[in-house]
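Chains, contacts and geometry: an overview
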Amino acid sequence: MFNNTVNFIRKTFKEPEKFIALHEPLFVGNEREYVLDAIDSTYVSSVGKYVDRFEQMMCDFTGSKYAVATVNGTAALHMSLLLADVKRNDLVITQPLSFIATCNAISYIGANPIFIDIDRTTLSLNPYQLLDFLQHKTEQRSGNCIHIESGKRIKACVPMHTFGHVGDVEKMVEICGNYNIVLVEDAAESIGSKYKGKHSGTFGLLGAFSFNGNKTITCGGGGAIITNSEQLRKLGKHLTTQAKVPHPWDFVHDSIGYNYRLPNLNAALACAQMERLDEFVNAKRRLADEYAAYFKTSPIRFFSEPQNSFSNYWLNAVLLDDKVERDSFLKYMNDRSIMTRPTWALMNTLAMFRNDICEDIPDAEWISDRLVNIPSSVILN
């Protein structure tokens, strides 16, 4: 059974013998030209025309009014939570099935996560589990949502669009609005993904994206915040540039700031990649269709985009029968130089977050025992 999958993947990626990575970057456009132009301009740090252009391209592509480029996706998420007014000792609702950056960003502020289960059909936060938690374990005090047992404020909710799949984010926005909770989208993996025709990251107050080397498009590192609030855009721009007050020569800083700006050199690469984004997403969706057709006749199940979602299929995923079979599949594929990976360890199982509030999470545990990511690089015809 597994050998047929090896043969299919090797045939699909046209690599009969060589190592096949999980996700490799692809540079087939103006990357070299733009990077060399940035070098020639001498504007290689946090100021330059490519930073401005990249931010505008993010707005044009996502339909957001404003964008702030950042040095990486984790910085984008950290800054988004700060802009959402999350404070030390606040609580932030998120999901246990996520990359560590989600919880790290919460922790940087001195806040703590609350883990709510995912929906196994979307891999994103389950809005009905969210509602049940808020109905039974919180109350409203002076316009704030308070967790009754701890007495702490729940300020934000951070769903993640896992592997590029967007869950029922509209329902999450509605629920959070009714409970005075700010919704911040962890859209790190979902550039090019939509829900009901609307781009990910544009539903909440803010959306945070990543352009790490293994993402659908990359600029080496890189991240971005999008928002429709001009006030938050201005504040985000200010705080990510060390909160420096503009002046011809004096160094004056009016608050704690962060060195989070994206260098122009990286932005040049990002602009070239953005130019090919539609092409890359279409190629990744074709690959997903090929996987779906292949696994249709296999006992291994392919994970397809959720209802109402248009996914970039950043990382394709399959579901095995149980953890034993999952591990057998992982070993078989990796022993044959085909890179496959399980999901991340659930956040609530890590030492740093083991004592944080965690509701029952049967779907996250079910997925964790069964899901494997398979090679997902862009293949251009």
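About the thresholds
Residues numbered from 1 in each chain as written. Predicted model: local features only at pLDDT ≥ 70, side-chain atom pairs only at ≥ 80, totals over all residues. Heavy atoms only, no water. Helix = DSSP H or I, 4+ residues; strand = E, 2+ residues; numbered from the N terminus. Rg over C-alpha atoms; globule rule 2.2 N^0.38 Å. Buried < 20%, exposed > 50% of the residue type's maximum accessible area, 1.4 Å probe, protein only. Areas by Shrake-Rupley, 256 points an atom, 1.4 Å probe, with all protein chains shown as cover. Lys, Arg positive; Asp, Glu negative; His and termini not counted. Charge placed at Lys NZ, Arg CZ, Asp CG, Glu CD. Phe/Tyr/Trp six-rings, centres within 6.5 Å; stacked < 30°, edge-to-face > 60°. Lys NZ or Arg CZ within 6 Å of the ring centre and 35° of its normal. Core = buried A, V, L, I, M, F, W, Y, C linked by side-chain atoms within 4.5 Å. Contact = heavy atoms within 4.5 Å.

Let's shift gears to the overall build of the protein chain. Within the protein chain, the regular secondary structure consists of twelve helices and 17 strands. A globule of 381 residues ought to have a C-alpha radius of gyration of about 21 Å, and the protein chain, at 21 Å, matches this closely. Taking the principal axes of its C-alpha atoms as reference, the protein chain extends roughly 65 × 60 × 35 Å. When burial is assessed residue by residue, the protein chain has 55% of its 381 residues classed as buried. Split by element, the accessible area of the protein chain, about 16400 Å² in all, is 49% carbon and sulfur. Each charge sign in the protein chain was given a centre, from 39 positive and 43 negative side chains, and these centres are 2 Å apart.

What follows covers the packing of aromatic side chains. Within this structure, the stated rule accounts for 15 aromatic pairs. Ring pairs connect the aromatic residues Phe8, Tyr291, Tyr294, Phe295, Phe302 and Tyr313, which therefore count as one cluster. Directly above the aromatic system of phenylalanine 203 lies the positively charged group of lysine 198, at a separation of 4.8 Å from the ring centroid. Its end group placed over the ring of tyrosine 332, arginine 336 keeps NZ or CZ at 3.5 Å from the ring centre.

Turning to the nonpolar core, a few remarks are in order. Ranked by size, the top nonpolar core spans 31 residues in total, and within it Phe54, Met58 and Phe211 carry the most contacts. Secondary structure elements with two or more residues in this core: helix 2 (31-41), helix 3 (49-62), strand 1 (66-70), strand 11 (223-227), helix 9 (264-275) and helix 10 (277-295). Ranked by residue count, the leading element in this core is helix 9, at seven residues. Apart from the residues lying within four places of it in its own chain, the contact partners of phenylalanine 211 are Phe54, Met58, Ile191, Ile217, Thr218, Cys219, Gly220, Gly221, Gly222, Gly223 and Ala224. Core analysis: the second largest hydrophobic core is formed by 25 residues, Ile109, Ala111, Leu206 and Ala208 among them.

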